[in-house]
Amino acid sequence: MVPQVQPLLLMLLLCPLPVNSSFQPSLVLEMAKILLDNYCFPENLVGMQEAIQQAINSGEIMQISDRKTLAAVLTVGVQGALNDPRLTVSYEPNFVPVMPQMLPSLPAERLIRLVRNSVKLDILDKNVGYLRMDRIIGEETAAKLGSLLRDNIWDKVAQTSSLIFDLRYSTVGELSGVPFIISYFSASAPLIHIDTVYDRPSNTTRELWTMPLMKGEKYGKKKDIIILTSKRTMGAAEAVAYTLKNLKRAIIVGERSAGGSVKVQKIRIAQSEFYIVVPVARSVSPITGKSWEVSGVSPTVNVIAKEAFIKAKSLLAVRSVIPKVVQTISDIINRYYAFTDRVSTILQHLQSIDLFSVISEEDLAMRLNNHLQSVSEDPRLIVKYMDNVANAEEDPDLYNISDDMKLLQELVDEIFKVEILQHNTGYLRFDRFVKWSAGDKLEELIAKKVWEPLKDTNNLIIDLRYNTGGSSTFLVLLLSYLKNTSQKQHLFTIYESFHNTSKEYDSLLKIVGPAYGSKRGVYVLTSYYTASVGEEFCYLIQSLHYGTVIGEITSDTTMHSKTFEIEGTDIAISVPFINFLDNNGECWLGGGVVPDAIVLADEAVEHVYKIANFHQGLRSLIEETAELLETNYAIHEVALETSKVLLSKLDDGSYRSVVDFESLASQLTTDLQETSGDHRLHVFHCDVEPESVRDVPKIPTAEEAGYMIDALFKIELLPGNVGYLRFDMMADIEVVKATGPQLIKLVWRKIINTDALIIDMRYNTGGYSTAIPLLCTYFFDAEPLQHLYTVFDRTTTTMTEVMTLPHVRGQRYGSSKDIYILTSHMTGSAAEVFIHTMKDLNRATIVGEPTSGGSLSSGTYQIGDSVLYASIPNQFVLSAITGKLWSISGIEPHVIAQANHALPVVQRIIASKMLEREQGK
C-alpha cells in the first residue's frame, strides 16, 4: 500500500495560482504533480512540501530568467530534497521524443541478427565457457526466437566445466529475462523469490521467481561462475549480477556497475519545454532487502574492466584446485593427525565448509585454517599459504652424539655452564638438549660437571633463555635429578600417530650423581627464544611442581608437527603427529609457556632473588592461613579438611607457582573455595589494614534519618491496592530503633493497609543481620512467637534460636496477606537471611534470579604480620523447620525470572489471584 502524501502538500499542488503569477512557480508545482503521480518512492514526497513552499515564498526562482539555469537549479533542488541523483530537470526546446522499437515487434530475421550480435559464446582452454551478453533478452523475445538461444547458447554453455559470464558491455535489456537466467544457474527446487518490482504509475507490485520447468539442460548450482562487470553495466544486467552474487552463485569481478534503474521515464512538464527524468519503478531484492539501483553492484574482486577477463581466468584456476586441496587436507588429517578421536568430526566439517567466495590461494588457506582451528580447538593444526617460502623442519639426527669419551667430555664442557652466584645460588645454563639413553657415558660426565658442584647450593637457576631445543630424551635425565623421592614417578607420555604408538617416560630409579630435588628453590629462566624441547621442560616443571618459571613467554616452536605441501599449490598444512601428555595426562597444545613471573629476560636473574626471598616465608603464611581457618570457620570439620589440603599442596610443590602476595592470595582463594565448596572464603592483599565489618554503626540524627530514609527507601501504591517497598541495605538494629518513629511515619503507614505487598530486594547486597528479627516480626502474628532460624557462632561456640519479637512499634502487616519478594544475582548477605527465612516459613513467594549466596557474618583476619587478609565466614544458619544447615549457594526463587522482568511477573501473578478470588465469590 502506498503511503499517503501529507495533506499540506496536496493543498499546495491543487491550489489555484494568481492570474499574475510568473511561469516559475507554475513549473515547480507541475513538476511536483508529476512526481506525485509517477515517482517510485511516493513515501519520500512528504519531505518536499517544505522545500517547495520555501522556494516559492523566497522568490529566488522568480529571479532566474535563463531557462537552462532554472533547469539546473531545479535539478539540484529535487535531487537534494529526495536524495535521488536519477531525478533530472532539463530545458530542451527542440526535443523530439523517440519511442524505442520493442524487440518482439521486430521482423524475425532482424531480431535473430540483433540477438546474435548481442550474445556470443566461446569455449576456452580447460573447457571454460565464455559467454558475453550485451543485452538481457526478455521473455517475449525469447519465446519468439524459439529454440535458437537454447540450441546455440544455453545447451552449449551447459557442457562447460566453468563459466565466465561477461556483462561489462550490457547496457540494455528487459527485466522479464532475469528469471530465466537465474533459473538456468540454479536448482529446480525450491523456487527462489528473486525480485519484487513496484510500478508507481500503475500502482502495482510484481514478484519475480525462478522457473519450475525449463526446456533443455540447466547449468545447475555447482559449477563455478565468474561475472564480469564494468561502470557501463546497467539495468537488467545489474539485476542478474546482484541476484547471483547474493545467492552465492557467482563471483563478481571488475568494476562497480552503473547503478541504473528498473524503469525511468522522461516526462514533459505541462506544456512547457522543460522535461523531468523520473524513475517510475523500483526493485527490492527479497534476498537482501536492498537494491542494486543507484548504488550499483559491488564486485567481489575489484579490478579495472579491461583486466577483469584475465583476473577471472586466474581466479577460475584457483577455484579449480579447491576440491583437490580440501581432499588432500582431509587425507593428511585422516592419516597423521594425533587426536584420532577428533578426525571424523573435522572431516565432516571440511566437506561442509562454504568456500563460495574464495578468490585466491591465500584466501583459501586462511579460510581453511580458521575453520580447522575452530573445529579442532588445536592451535597446532595449521593451513598456511607458503608463497614459495621453504619450510624448515628439524633434522632428527641433529642431536646425535659420539660414543668417544674425549669427544663427549668436550661436548659437556661446551654445552653446560655452571656457576655459584650470590646467596649460594647455583646457576646452570645449557642451550640445547642432547640425545641421551640409559647407560650412556654422558650421564657420568654431566653428574661430575653439573650436579657435584651444585649439590650444596641453597637454590638453583636453570637458564634456558637461549635454549632452542634438542632431544626430548634428555628430559628424563634432567627431571630425574629434580624429583624429591627415590620412587619412580611418571613424567610424561608421547603419542606418535605415524606408528600409532604411545611411550611413557618415568623418572630413573637410579642416578649416578647426587639428586638435587625440588625442596630447595628451582628457578627456570625463559625468553622469546626458548623453543621446542626447552618449552617442554618448562611446561613439565610447572606441571610436576618442580620449580618456578621466570622470564618471557616462550617461542611456541614445538617440533610435534609435520608440514605437507599441497601439490600444484603454494598451500601447506602442518599436522601435529605427536601428542605430548604431561604427568596428569593433559595434552600440551603449545602456544608458548607462560612463566609464573613474566619479566624481561634480561631482568630474570634479578627477579629470582626477590622471588626466592618471598618463598622463604611461604610455609609460615600458609600454615597461618590454615590455623585461622581451623579457629574461625563456622563448620569445623570442613575447616580441618581444607587446612589439610592446603598443607598437602604446599608439600607437593603446588605453591611454587606463586611469586608475590597477589598471586598467593589468588591461589589460596582458589584452593580454599574448591576444597570447602564455600565461595565466601577468600584471601586478599591490602597494603592498609581494612576496616572491620564489626565497627559500631553511627546513629543518625533526626535530620540525617530523614535524608537516609529518602535515599534508601522507595514506596509506591500499585494498581489493585498492592504495596511496593524497595530498600537496598540492611541497617543495624540500633539505627532502626533510632529512626523507628520516622520509618513508621514515612514508610510503613503508607503500605500497611494494602491487600498485598511486593518487597523489592533486587539491589540489596546486604549489611547488618541484627534487624532481621524485627523486620520479620511485622509479617507474623503476635502470638505465638515464631522461631525464625538458629545461628551457630564459631567464635563464641554458641547456638542461638532467633525468634520474632513480642512487641513492635506500629501496626503489624499480619500473617494472612500475600507477600512477594523480588531477587537478583546481586541480592546477598543479610538480605538473603531475611529472604531465606520468609521462604523457609512459607510466608512469601520469591520471584526473580537466584541470589549470590552471601555470608551471615564473616570475620577479616590478618595472616601473620603480612599484607594478606582472610575473610572467613564464622556463622552458619540452621532451618527452623528442618534443623538442617542452610545452603550457601544462594536462594532459588519460587518463580525464576530475569531481574528486570520480576516486577511485571509478580503483578501478573497478583492479578491472576485477584481474578480467581472474584470468580470464586
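Counting restarts for each chain, with residues numbered from 1 along the sequence as it is written. Per-residue local features of the predicted model are confined to residues with pLDDT of at least 70, and side-chain atom pairs are confined, for both listing and counting, to 80 or more; whole-chain, interface and lining totals are unaffected and use all residues. With hydrogens and water set aside, each side-chain value is computed from the structure's full complement of heavy atoms.

### Concerning the overall build of the protein
Then step 1. Helical segments are the DSSP runs of H or I of at least four residues, strand segments are the runs of E of at least two, and each set is numbered from the N terminus. Helix and strand counts for the protein come out as 27 helices and 38 strands.
Then step 2. Its C-alpha radius of gyration of 42 Å places the protein more than 25% over the 29 Å reference for a compact globule of 921 residues.
Then step 3. Referenced to the eigenvectors of the C-alpha coordinate spread, the extents of the protein come out at roughly 105 × 100 × 60 Å.
Then step 4. Any residue under 20% of the maximum accessible area for its type is buried, any over 50% is exposed, and the rest in between are partly exposed; the area is computed with a 1.4 Å probe on protein chains only. Looking at the protein as a whole, 49% of its 921 residues are labelled buried.
Then step 5. Put simply, 75% of the contacts in the protein that link residues at least 6 apart link residues at least 24 apart.
Then step 6. Per-residue accessibility takes into account occlusion by the displayed protein chains alone, with areas from the Shrake-Rupley method and a 1.4 Å probe. Accessible surface, the protein as shown: approximately 44400 Å² in total, 52% of it carbon and sulfur.
Then step 7. In this tally Asp and Glu are treated as negative and Lys and Arg as positive; neither His nor the chain ends contributes. The atom standing in for a charge is NZ when the residue is Lys, CZ when it is Arg, CG when it is Asp and CD when it is Glu. Put simply, the protein has 86 plus and 108 minus side-chain charges, and the middle of one group is 9 Å from the middle of the other. Two things to know: the radius of gyration comes from C-alpha atoms, and the globule rule equals 2.2 Å times the number of residues to the power 0.38. Only heavy atoms enter the contact rule, under which two residues are in contact if any of them lie within 4.5 Å.

### Comments concerning unusual backbone geometry
Then step 1. Along the chain, Ala189 connects to Pro190 via a cis peptide bond; the corresponding omega equals -5°.
Then step 2. Of note, Pro190 is situated in the loop between α8 (178–184) and β7 (193–199).
Then step 3. The amide bond that connects Glu783 to the next residue, Pro784, takes the cis arrangement and shows omega of -10°.
Then step 4. Within the fold, Pro784 resides in the loop between α25 (772–777) and β31 (787–793).
Then step 5. A positive phi angle is found at His423, which is not glycine, with a value near 60°.
Then step 6. Mapped onto the elements of the fold, His423 is located in the loop between β15 (417–421) and β16 (425–429).
Then step 7. Its relative accessible area of 56% is what places His423 among the exposed residues.

### With respect to the environment of Asp456
Then step 1. Within the element layout of this structure, Asp456 appears in the loop between α15 (442–454) and β17 (459–463).
Then step 2. The spatial distance from the C-alpha of Asp456 to the C-alpha of Gly426 is 8.7 Å, given a sequence separation of 30 residues.
Then step 3. Setting aside its immediate chain neighbours within four residues, Asp456 contacts Asn424 and Arg520.

### Remarks on the packing of aromatic side chains
Then step 1. Centre distance within 6.5 Å is the pairing criterion for rings of Phe, Tyr and Trp, where only the six-membered ring of Trp is used; planes under 30 degrees apart are then read as stacked, over 60 as edge-to-face, and the remainder as tilted. Counted by the stated rule, this structure contains 37 aromatic pairs.
Then step 2. Ring centres 6.5 Å apart and planes at 80° place the aromatic pair Trp154 and Phe185 in the edge-to-face group. A residue pair is termed long-range when its members are at least 10 positions apart, and Trp154 in helix α7 (residues 148–157) and Phe185 in the loop between α8 and β7 qualify at 31 residues. Phe185 matches Trp154 in its accessibility class, with the two residues each being buried.
Then step 3. Ring centres of Phe492 and Phe580 lie 5.1 Å apart, and the angle between their planes is 25°; this geometry places the pair in the stacked category. Residue Phe492 is located in strand β18 (residues 490–496), and its partner Phe580 is located in strand β24 (residues 578–581); the two are separated by 88 residues in the primary sequence.
Then step 4. What makes Phe580 buried here is its relative accessible area of 0%.
Then step 5. These aromatic residues form a ring-pair network of at least three members: Trp154, Phe165, Phe180, Tyr184, Phe185 and Tyr219.
Then step 6. Two thresholds decide whether a charge sits over a ring: the Lys NZ or Arg CZ must be within 6 Å of the ring centre and within 35 degrees of the ring normal. When the ring centre of Tyr275 is taken as origin, the NZ or CZ atom of Lys266, which lies over that ring, is 5.9 Å away.
Then step 7. The ring centre of Phe339 lies 3.8 Å from the NZ or CZ of Arg342, which sits over that ring.

### Here we look at a nonpolar patch on the surface
Then step 1. Residues Tyr528, Ile553, Val594 and Ile598 make up a contiguous nonpolar surface patch of roughly 390 Å² in combined accessible area.
Then step 2. Looking at the element boundaries, Val594 is found in the loop between β25 (587–588) and β26 (597–598). Put simply, a patch holds well-exposed residues, over 30% relative accessible area, that have no salt bridge, with like charges counted together within 9 Å and Val, Leu, Ile, Met, Phe, Trp or Tyr side chains within 5 Å. The term salt bridge refers to a side-chain nitrogen of Lys or Arg lying within 4 Å of a carboxyl oxygen of Asp or Glu.

### So, helix α11 (residues 322–336)
Then step 1. Given a helix with a known number of residues, its expected span is that number minus one, times 1.5 Å. For α11, built from 15 residues, the straight-helix expectation of 21 Å at 1.5 Å per residue is met to within 8% by its first-to-last C-alpha distance of 21 Å.
Then step 2. Looking at the buried side of α11, the elements it contacts are α10 (308–320), α12 (343–352), α13 (361–376), β14 (382–385), β22 (561–565) and β23 (571–576).

### Quick word on the sheet that holds β24
Then step 1. Note on pairing: two strands pair once DSSP finds at least 2 bridges between them. Here we have four strands laid out as an open sheet, ordered β19-β18-β24-β25, and antiparallel in their pairing. Bordering the open sheet on either side are β19 (501–506) and β25, each of which pairs with just one other strand.
Then step 2. In the sheet, β18 pairs with β24 via four bridges, with the strands oriented antiparallel. Paired with Tyr495 across the strands is Asn579, a residue of β24.
Then step 3. To get an axis, a line is fitted to the C-alpha atoms, and for a helix only the part in contact is used. The angle between two axes follows their N-to-C directions and goes from 0 to 180 degrees. Contacts from helix α16 (residues 473–480) reach β18, β19 and β24, with the element oriented near 170° to β18.

### Description of the side chain of Asn38
Then step 1. Residue placement: Asn38 occurs in helix α2 (residues 23–38).
Then step 2. Contacts of Asn38, omitting those with residues within four sequence positions, involve Arg200, Pro201, Gln265, Ile267, Val278, Pro279 and Val280.

### Side note on the pattern of salt bridges
Then step 1. Counted under the stated rule, the structure contains 26 salt bridges.
Then step 2. Notably, a salt bridge pairs Asp506 with Lys488, separated by 3.8 Å at the nearest N-O pair. Taken together, the residues span a long stretch of sequence, with Asp506 in strand β19 and Lys488 in the loop between α16 and β18 at a distance of 18 residues.
Then step 3. Given the relative accessible area of 52%, Lys488 is considered exposed.
Then step 4. One salt bridge connects Arg917 with Asp818, and the closest N-O pair in it is separated by 2.9 Å. Residue Arg917 is located in helix α27 (residues 902–920), and its partner Asp818 is located in strand β33 (residues 818–823); the two are separated by 99 residues in the primary sequence.

### Points about the sheet that holds strand β35 (residues 858–862)
Then step 1. Read across the open sheet, the three strands follow the order β27-β36-β35; overall the sheet is antiparallel. Here the strands that pair on one side only, and so sit at the sheet edges, are β27 (682–685) and β35. Within the sheet, the average angular offset between the axes of one strand and its neighbour, ignoring direction, is 25°.
Then step 2. Note that β27 and strand β36 (residues 868–873) share four bridges and pair antiparallel. Within β36, the residue paired with Val683 across the bridge is Ala870.
Then step 3. Against the sheet, helix α21 (residues 661–676) engages β27 and β36, with an angle of about 170° to β27.

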